[in-house]
Amino acid sequence: NAGVTQTPKFQVLKTGQSMTLQCAQDMNHNSMYWYRQDPGMGLRLIYYSASEGTTDKGEVPNGYNVSRLNKREFSLRLESAAPSQTSVYFCASSDRIAGAYTGELFFGEGSRLTVL
Amino acid sequence: EDQVTQSPEALRLQEGESSSLNCSYTVSGLRGLFWYRQDPGKGPEFLFTLYSAGEEKEKERLKATLTKKESFLHITAPKPEDSATYLCAVVWGGRRALTFGSGTRLQVQP
């Protein structure tokens, strides 16, 4: 029972390079999220997808793009990486959007990105 | 302005020494407050949901309570395996995703 799977787990980029973080869930959840976690700042929402075919900006969307490829997959793209994007990125999913909601998100194990 | 503030940032306890973690929030129209546990190198894991002031939830040595301005996570007779970072999150107003605090790093020494 895999849950939420993120790839890659570790990545080192140079400033200006691009990359895509992949996320897939096998729980048939409607909603998916991308958060970043930095020391002392907690988890901050980058983008989310309430359902297949929709995406919305979170608190810190600048420098990122997302694609909800299908119900299972939600990818995060950095078009031109900057050192400020060095962080741990978490993908999460839930069975309903927060509007009528238990607050129970299922998280992946994270992708650790360093931008030099 | 901070909407979710957790204190203390770090807490070291001896095994069996009970204590409480605090999560204060400054949002309007709270719809839910949530506690998560995060082990090093792992993603957060859901613990509790609280919806209204006065509500309490328990799980093993953990008990979460909610008032109109804050929530407490009480840890009774902790064990070393309770060592983790505990995160608080809220959803409020018309928002459709959780907002997290920065967490309390708990270390329980044998």
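Quick note: structure is the one above.
When you look at the sheet that holds strand β7 (residues 64–68) of chain A in this model, what are you seeing that I'm missing?
Across a sheet, paired strands are connected by hydrogen bonds in the backbone, their directions being either parallel or antiparallel. All names here are of chain A. Judged by pairing direction, the sheet is antiparallel, and its four strands sit side by side in the order β1-β3-β8-β7 without closing on themselves. Lying at the two open borders of the sheet, with one neighbouring strand each, are β1 (4–7) and β7. The average angle at which neighbouring strand axes cross in this sheet is 15°, direction not considered. Summarising the sheet, β7 and strand β8 (residues 74–78) pair through five bridges and their orientation is antiparallel. Opposite S67, over in β8, you have S75 as the bridge partner.

Looking at this structure, I do not really get the interface of chain A and chain B. What am I missing?
Where the parts come together, the accessible area they lose is often given as the size of the interface. Taken together, the contact pairs 24 residues of chain A with 20 residues of chain B. Interface area, chain A with chain B, both sides summed: about 1,800 Å², of which 54% is carbon and sulfur. Where chain A packs against chain B, one counts one salt bridge. For the salt bridge of K42(B) with E109(A), the shortest nitrogen-to-oxygen distance reads 3.2 Å. Across the chain A-chain B interface, the total number found is six residue pairs in polar contact (both at pLDDT 80 or more). Among the elements of the structure, β4 (31–38) and β5 (42–49) of chain A are those that each provide at least two residues to the side of chain A that touches chain B. With four residues, the top contributor of residues to the side of chain A that touches chain B is β5(A). Residue composition of the side of chain A that touches chain B, grouped by class: 13 nonpolar, seven polar and four charged.

Each value, and the rule that gives it
- Residues numbered from 1 in each chain as written.
- Chains lettered and ligands numbered in written order.
- Predicted model: local features only at pLDDT ≥ 70, side-chain atom pairs only at ≥ 80, totals over all residues.
- Heavy atoms only, no water.
- Pairing = 2+ DSSP bridges.
- Helix = DSSP H or I, 4+ residues; strand = E, 2+ residues; numbered from the N terminus.
- Axes fitted to C-alpha atoms, helices over the stretch in contact; angles between N-to-C directions.
- Contact = heavy atoms within 4.5 Å.
- Buried area = accessible area lost by both parts, 1.4 Å probe.
- Salt bridge = Lys/Arg side-chain N within 4 Å of Asp/Glu carboxyl O.
- Polar contact = N/O pair within 3.5 Å; in protein donor to acceptor, adjacent residues only side chain to side chain.
- Nonpolar A, V, L, I, M, F, W, Y, C, P; charged D, E, K, R; others polar.

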